[in-house]
Amino acid sequence: MHASVDRIGQPWGGRTPYDRHEPWPVRVDSFLAEGVDPRTVQRWVQATSLLHSDGDAMDIAVVDGHMVGVRGRAQDRVNHGRLGPKDLYGWQANASADRLTSPLVRRNGRLVECDWATAMERIVSRSRELLEERGPGSIGFYTTGQLFLEEYYTLAVLARAGIGTNHLDGNTRLCTSTAAEALKESFGCDGQPGSYDDIDHADVIALFGHNIAETQPVQWMRVLDRLDGGDPPRLVCVDPRLTQVARRSAVHLAPRGGTNVALLNALLHEIIRTERVDHDYIAAHTVGFEELASQVRHCTPRWAADICDVPAARIGEAAELLGTADRLLSTVLQGVYQSHQATAAAVQINNLHLIRGMLGRPGAGVLQMNGQPTAQNTRECGANGDLPGFRNWQNDSHVADLAKVWNVEPKTIPHYAPPTHAMQMFRYAEQGSIRMLWISGTNPAVSLPELSRIRSVLSQERLFVVVQDLFLTETAQLADVVLPAATWGEKTGTCTNADRTVHLCNKAVDPPAGARPDLDIFLDYAARMDFRDKDGGPLITWHDPESAFEAWKRCSAGRPCDYTGLTYDKLRTSGGIQWPCHEQAPDGTERLYTDGIPWAHPDVCESYGKDLETGASNDVVEYRSLNPDGKGVIKAAAYLPPHEAPDDDHPFQLTTGRTLYHFHTRTKTARAPQLNAAAPDVWVEASVSDASALGLEEGDLVEVSTPRGAVQGRLRITGIRPGLLFVPFHYGYWDTKAGHAPDGDTPARAANETTVTDWDPASKQPLFKTAAAALRRVEHADGHTSPAPTTTASAPARTDAVPATTGGPPAHATERADASRDRDEQDIG
């Protein structure tokens, strides 16, 4: 039986409880456009989610060449048929009337339409000029976490071996570079040790700075179903906001911003003090325990309580749960990653698992999560500041191996210094050494910190900016050339999610006339530039997604992210499969490190590690002396205070973040009526006590200001910790009169007007969580209410204060909690 559910007002849908160690029951979620009968759907086309990192498998409904809906795939390992609100409704943005359908070039200060040949020749001409006059270091590429593996790999080859530039990174730098760095620091290599299936087996689940209810809503459904079943897990939540996770937790710790390392050191102190460590595992599989024990010896809960502003007793309760868990699963996201000691904190969470031996078995694992659908592919393919296949830029044999795959000389591949990270790339552009910046699938004019600076950089006459996107974003409005791209459902490629599950995402419909797949754009550029290998043949030998995938398989062979056992046909028939997948593991690999940590060996590791305080890279001699046999590295860190502290003029801390109903800068979700109606505009969150002290009321128009800028929004009074303000970062200016920047008629509403140009020393991830801020009223509510959702962490402290969140029509989807489905319904056209 199908049940109609308002998936805006009830975003996680109905429950299908299950017991520990039992399989998660199937529940098939679906949504069809108003007036579409399921029986009239002509084709269901296999795909996976694009608007978060969960990797939810779905089918796209097609009628007469148009998308008309989606449904979850019942048999897929990731979601067992479930879909979140962005999955259910976000596809509607593809058909928006304002899609870009012609290239644009800047003439006399204005963007005007042109044909593809004109646009591409302008890009090629500028590329050749710069290569001749200034060399490959004058060209940079800034990409996304939303393309397909095949597109990232092609971009990596043309940038590193074609152009020869070290300047290639993704906007994954903003959300999951710390995940990659922390995994490299502890395990010698990127790649999640754990699996989503660990939720089925864990007896304690600890969520560190991870609002899973809003960032990975389908996996939160899985946790909710466990909580309602037999032998439910106990949750530990570390988050300064009263999230849905916090509301269901056995212990909720709400620390002061920027104090994660102090809190984690106290937790480790207690676990070591009470002898809840696995000494046999430590001896067999790790190095560095003595240094950690020494570092945290004096980090008592009472010591941390003063720093974190968290009761010492609560820290003790959390340590008790973590230390006595039979099977502990930890998940980590932006509350850890977007701070000044991001890598140091994430590594301490890895340490917790290493000292307790909580790795490599069902329910015992760590998920250093991703924020975007294909962030893992960006990292694997070398489009994020690493070499493809998790190769080590400091290891000459790795560089030579990659050169052999590409049939180029090793010196062709830049490896004289670490690959340039995004924050440094924009600094180089600001200073004038980068003169061309190709931006694909991302919107830095809203997503990067200190937006007035970013707009200034992108507006320089000397900087040639190429933007490849679906819409005329705030960034595209500043470009010299704009290329209209095809998107999800309009092209074919593979996506790898946060737990290493590879899915095939098939083309369901044609893109708008004039828009091209990103792969085709990159291949066209490479052909026009006539990139050659060392024998004079074409550098890039593939021509479509499947041949690009086969080329990537050759690059991945023998590396941790080995794809050689995968094919498009296998992914079509089997659904999601976790890498590594090869001859010895033809069905994929559910968990890493089930028997030691082999990729940490000095000869094969992706990184020799960094100093967590300075970010300086270690060399092979240092690493080999520390870890000659290749074991997990337990790396200690001392707490350091945030770089910017509240003062008399700026007495608050400001944190930015996501909401359940939007993704990044809303270029797609704001064009889905249900999602946009659920969270139509920016808001500001403050605690009950802070609002009372300032005489503020729900719905007041307030201004949050920092030393860099200010933003205005309606006030939502919530259960957030006192002294902290929250602003969602999704809202820019493309849907206002202002266009790409605030003006006299449009006050600033982009949270990143206020954030600081600063980054974690090891991962180079920018800081979005610890700005010092002031708060003031601009005008009284006068009947206005905050546009913040009531269903999420933004729920009002007084439930009668505002009307409940509803989406635009029609907001209802269907759910079917039934594992038996007709075979015909599974067939994919």
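Residues numbered from 1 in each chain as written. Predicted model: local features only at pLDDT ≥ 70, side-chain atom pairs only at ≥ 80, totals over all residues. Heavy atoms only, no water.

A. Representation of the overall build of the protein in the model. A count of helices and strands for the protein gives 26 helices and 29 strands. Its C-alpha atoms give the protein a radius of gyration of 25 Å, near enough to 28 Å, the size a compact globule of 829 residues would have. Overall, the protein is about 65 × 65 × 60 Å in size when its C-alpha atoms are taken along their principal axes. Between the centroid of the 81 positive side chains of the protein and the centroid of its 107 negative side chains there is a distance of 1 Å. (Helix = DSSP H or I, 4+ residues; strand = E, 2+ residues; numbered from the N terminus. Rg over C-alpha atoms; globule rule 2.2 N^0.38 Å. Lys, Arg positive; Asp, Glu negative; His and termini not counted. Charge placed at Lys NZ, Arg CZ, Asp CG, Glu CD.)

B. Local environment of the sheet that holds strand 11 (residues 234–238). Ordered by their spatial adjacency, five strands build an open sheet running 12-11-10-14-15, and the pairing between neighbours is parallel. Two strands close off the open sheet at either side, each with one partner strand: strand 12 (251–253) and strand 15 (365–368). Taking the axes of each pair of neighbouring strands and ignoring which way they run, one obtains an average angle of 10 degrees across the sheet. Summarising the sheet, strand 10 (residues 204–208) and strand 11 pair through five bridges and their orientation is parallel. Bridge pairing in strand 11 places A206 opposite V236. (Pairing = 2+ DSSP bridges. Axes fitted to C-alpha atoms, helices over the stretch in contact; angles between N-to-C directions.)

C. Region of interest: the packing of aromatic side chains. In the structure shown here, the tally under the stated rule is 16 aromatic pairs. Relative to W552, the ring of Y153 has its centre 5.4 Å away and its plane inclined at 65 degrees; by these criteria the two rings are edge-to-face. Of this pair, Y153 sits in helix 3 (residues 149–163) while W552 is found in helix 21 (residues 545–556), placing the two residues 399 residues apart along the sequence. Grouping residues by exposure puts Y153 and W552 together as buried. Linked through ring pairs, Y153, W542, F549, W552, Y563 and Y568 together constitute an aromatic cluster. Sitting above the plane of the W579 ring, R500 keeps its charged end 5.7 Å from the centroid. (Phe/Tyr/Trp six-rings, centres within 6.5 Å; stacked < 30°, edge-to-face > 60°. Buried < 20%, exposed > 50% of the residue type's maximum accessible area, 1.4 Å probe, protein only. Lys NZ or Arg CZ within 6 Å of the ring centre and 35° of its normal.)

D. Focus on the environment of L149. Note on placement: L149 falls in helix 3. Between the C-alpha atoms of L149 and A804, which are 655 residues apart in sequence, the distance is 40 Å. Those residues in contact with L149 that lie beyond four places of it in its chain are N377, E380, C381, T494, F549, W552 and Y563. (Contact = heavy atoms within 4.5 Å.)

E. Main features of unusual backbone geometry. At the junction of W579 and P580, the peptide bond is cis and its omega measures out at 0 degrees in the coordinates. Here P580 shows up in the loop between strand 21 (577–578) and helix 23 (620–626). That bond from P809 to P810 is cis: its omega, -20 degrees, falls within 30 degrees of zero. Phi is positive for D64, close to 50 degrees, though the residue is something other than glycine. In this fold, D64 is placed in the loop between strand 4 (57–63) and strand 5 (66–72).

F. Structural view of empty space enclosed by the protein. Inspection of the entire model under this criterion finds six cavities of 30 Å³ or more. By volume, the largest cavity amounts to about 570 Å³. Taken together, 37 residues form the lining of the largest cavity, with Q334, G335, Q338, T656 and K769 sitting closest to its centre. Those elements giving two or more residues to the lining of the largest cavity turn out to be helix 5 (212–215), helix 13 (334–337), strand 23 (652–657) and strand 27 (724–728). Residue composition of the lining of the largest cavity, by class: eleven nonpolar, 20 polar and six charged. (1 Å grid on protein atoms, 1.4 Å probe; cavity = no way out; pocket = protein on both sides within 12 Å on 5 of 7 lines; lining within 4 Å. Points joined across faces, edges and corners; volume = space filled by probe spheres on them. Nonpolar A, V, L, I, M, F, W, Y, C, P; charged D, E, K, R; others polar.)

G. Representation of the environment of H662. Position of H662 relative to the elements: it lies in the loop between strand 23 and helix 24 (673–678). On the basis of relative accessible area, H662 is assigned to the buried category, the value being 1%. Sequence-wise, H662 and P85 are 577 residues apart; in three dimensions their C-alpha atoms are separated by 9.4 Å. Setting aside its immediate chain neighbours within four residues, H662 contacts K86, T669, A670, L675, N676, A679, H730 and Y731. A polar contact is formed between the side chain of H662 and the side chain of T669, at a distance of 2.8 Å. (Polar contact = N/O pair within 3.5 Å; in protein donor to acceptor, adjacent residues only side chain to side chain.)

H. Highlighting the confidence of the model for the protein. Summary statistics for the protein give a mean pLDDT of 96 and a share of 98% for residues scoring 70 or more. Confidence drops under pLDDT 50 across residues 819–829; counting only partners more than four residues distant or on other chains, this segment forms 23 contacts. (pLDDT = per-residue confidence, 0-100.)

I. Just the pattern of salt bridges, in detail. Using the criterion set out here, one finds 56 salt bridges in the structure. A salt bridge links R77 to D197; its shortest N-O distance comes to 3.4 Å. Pair noted here: R77 is in the loop between strand 5 and helix 1 (85–89) and D197 is in the loop between helix 4 (177–187) and strand 10, with a separation of 120 residues, a long-range link. On the accessibility criterion, R77 (15% relative accessible area) is buried. Look at the salt bridges and you will find they share partners, linking R77, D197, D200, R222 and D499 into a network. (Salt bridge = Lys/Arg side-chain N within 4 Å of Asp/Glu carboxyl O.)

J. Up close: the sheet that holds strand 1 (residues 3–6). The strand order 1-29-2-5-4-3 describes an open sheet built from six strands, whose pairing is antiparallel. Two strands close off the open sheet at either side, each with one partner strand: strand 1 and strand 3 (43–48). Adjacent strand axes in the sheet meet at a mean angle of 30 degrees, parallel and antiparallel pairs treated alike. Pairing of strand 4 with strand 5 involves six bridges; the strand directions are antiparallel. Within strand 5, the position partnered with A61 by the bridge is G69.

K. Here's a closer look at the side chain of D6. Within the element layout of this structure, D6 appears in strand 1. Despite being buried, D6 has no salt bridge partner; R7 is the closest side chain of opposite charge, sitting 7.8 Å away. Once residues lying within four places of it in the same chain are set aside, the contact partners of D6 are A811 and H812.

L. Geometry of the nonpolar core. Counting residues in each nonpolar core, the largest one holds 188 residues, and the members touching the most others are I123, F208, I355, W438, L483, W488 and Y525. Here W438 is in contact with I123, G140, F141, Y142, V466, Q468, L483, I521, F522 and Y525, once residues within four sequence places are set aside. (Core = buried A, V, L, I, M, F, W, Y, C linked by side-chain atoms within 4.5 Å.)

M. Inspection of the side chain of D758 at higher detail. Mapping D758 onto the fold places it in the loop between strand 27 and strand 28 (771–779). Buried charge without a salt bridge: D758, with R427 as the nearest opposite-charge side chain at an N-O distance of 7.8 Å. Among the polar contacts listed, one links the side chain of D758 to the side chain of H643, at a separation of 2.6 Å. Those residues in contact with D758 that lie beyond four places of it in its chain are M423, H643, Q765, P766 and L767.

N. Just the pairing of strand 18 (residues 481–484), in detail. Every second residue of strand 18 is oriented toward a common face, with V481 and L483 on one face and V482 and P484 on the other, all of them buried. With four bridges joining them, strand 17 (residues 464–469) and strand 18 adopt parallel strand pairing. Note that in strand 18 the partner of D469 across the bridge is P484.

O. Fine view of helix 6 (residues 217–227). With eleven of eleven residues buried, helix 6 is to be regarded as a mostly interior element. Along helix 6, the residues that are buried comprise P217, V218, Q219, W220, M221, R222, V223, L224, D225, R226 and L227. Close packing links the buried residues of helix 6 with helix 1, strand 10, helix 5, strand 11 and helix 7 (244–247).

P. Focus on the state of the cysteines. Here the structure, examined in full by the defined rule, presents zero disulfides. For C561, which is in no disulfide, the shortest distance to another cysteine sulfur is to C189 and amounts to 7.1 Å. For C561, a relative accessible area of 0% puts it in the buried group. Of all cysteine sulfurs in the structure, the one in C561 sits closest to C581, which takes part in no disulfide; the separation is 13 Å. For C581, a relative accessible area of 0% translates into the label buried. (Disulfide = S-S within 2.5 Å.)

Q. Layout of the packing of helix 3 against helix 21. Running from N to C, helix 3 and helix 21 cross one another at 65 degrees; their axes reach a closest spacing of 9 Å. By the criterion of interaxial angle, the relationship of helix 3 to helix 21 is roughly perpendicular. Every pair of crossing elements has a handedness; the one defined by helix 3 and helix 21 is left-handed. Of the residues in helix 21, those touching helix 3 at L149, E150 and Y153 are P545, A548, F549, A551, W552 and C555. Looking at the contact of helix 3 with helix 21, its residues break down into eight nonpolar, no polar and one charged. (Parallel < 35°, antiparallel > 145°, perpendicular 65-115°, else oblique. Left-handed = near helix turned anticlockwise from the far one by under 90°.)

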